[in-house]
Amino acid sequence: MKNITLLLFFTITLASCQENKKKADVTDDFEKSYKEQKDADLLPEHTEHFDSITNLYSNYKYKVSFDAPNHWSSDAGVSEHTIFRTFQPDSAITFAINVIELKVAENKKTPDIWEMYQIQKEKMDYTYKVLIPKQFNSKAEDFEASKTYLKNKTMLKRQFKYLVRELDLEYYNTSIVYQTLIDKLSYTFSLDVPTMFYDENPSFYDNLIRNVSFLYGKDDVNKYLNKKGN
C-alpha cells in the first residue's frame, strides 16, 4: 500500500503540473507513456480513434473514451501523459485526460483510492495545495475533496479555485480533478474553467465528467469467463 501511494503521489504530480512542459520526468516506476510508445512504434494499429465530427475520442489501450462538446477544439495535449485534451481557446476552458501505467505486480490488489486518501491526505493534496499554487504564483482557495462515483468506479474528486493574472487580465479559475485507480492504471480527469463561466452554468461543467466511459474488450470478457470457470 505504501509503495502504491508513493507512486500515486508522483502520478498526480506528473498529470497536474506538467501541462506546460513537452516532456515529463520519467521514472522506473512507470511504463512508457502512450506518446512515447507511439513515437517508438511500439503500439499495434488502431489503439485509439477520434471522430472529428462528434468530437468523440476512444483509447483502446487504456480502455477509456470521452464524448467532448461538439464545438470544442481537441488535441493530444502537451503533457507527456495526456492522451486527450479538449478546450475552448477563446474562453480558457480545458478538459484533459491523463493516464499513467504503474509498474506493479500483476497479482497486486489495486487499492481503493478513497481509502488511500483517508490515510495519505497530506501527501496526496500536496500537488494541489503547494505545487500548483507555486506554478501559478497563486494559492488554492475553497479547496474541497470528496468521494464520488463514475460508472460504478470509486473516484476521488478535488475542487478549488486560484487567481490567474495574464497581461491586463485578472480572474479566478475553477479546477475540478477526478482520479481513480483501475488495475495498474491511474486515470486523472481535469477540468479548468474561469470561475465566472463556471458560476453561470455549474451543472454543465459538473456533468462533463459523465461523458467519460470505460471500455471493455475481449481481454476483459476472457478474464471474467476464466474467473467463472474457477
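Let us look at the structure shown here. The model shown is predicted, which means the values in this text are computed figures rather than measured ones.

1. Remarks on the sheet that holds strand E5 (residues 82-88)
Spatial ordering of the open sheet is given by E4-E5-E6-E10-E9-E8-E7, a layout of 7 strands whose pairing is antiparallel. Two strands bound the open sheet, and with one partner strand each, they are strand E4 (73-75) and strand E7 (141-150). Each adjacent strand pair in this sheet contributes to an overall mean axis angle of 15 degrees, direction not counted. Relative to strand E8 (residues 153-166), helix H4 (residues 121-136) is tilted by about 20 degrees, and along the sheet it contacts E7, E8 and strand E9 (169-182).

2. Quick word on the side chain of Gln-37
On the secondary structure map, Gln-37 appears in helix H2 (residues 34-39). At 2.8 Å, the side chain of Gln-37 and the backbone oxygen of Lys-32 are in polar contact.

3. A closer look at the sheet that holds strand E2 (residues 56-59)
Across the sheet, 4 strands lie side by side as E1-E2-E3-E11; this open sheet has antiparallel pairing. Since the sheet does not close on itself, it has two edges, and those belong to strand E1 (48-51) and strand E11 (212-214), each with one partner. Here the average twist between neighbouring strands, direction ignored, is 10 degrees. The pairing of E2 with strand E3 (residues 64-67) spans 4 bridges and is classified as antiparallel. Residue pairing in the sheet places Ser-58 in a bridge with Ser-65 of E3.

4. Overview of the packing of aromatic side chains
Following the criterion strictly, the structure yields 14 aromatic pairs and no others. Seen from their ring centres, Phe-66 and Phe-84 are 6.4 Å apart, and the 50 degrees between their planes marks the pair as tilted. Highlighted residues: Phe-66 in strand E3 and Phe-84 in strand E5, separated in sequence by 18 residues. Ring geometry for Tyr-187 versus Phe-189: centroids 6.2 Å apart, planes at 5 degrees, classification stacked.

The rules behind each value
Residues numbered from 1 in each chain as written. Predicted model: local features only at pLDDT ≥ 70, side-chain atom pairs only at ≥ 80, totals over all residues. Heavy atoms only, no water. Pairing = 2+ DSSP bridges. Helix = DSSP H or I, 4+ residues; strand = E, 2+ residues; numbered from the N terminus. Axes fitted to C-alpha atoms, helices over the stretch in contact; angles between N-to-C directions. Contact = heavy atoms within 4.5 Å. Polar contact = N/O pair within 3.5 Å; in protein donor to acceptor, adjacent residues only side chain to side chain. Phe/Tyr/Trp six-rings, centres within 6.5 Å; stacked < 30°, edge-to-face > 60°.

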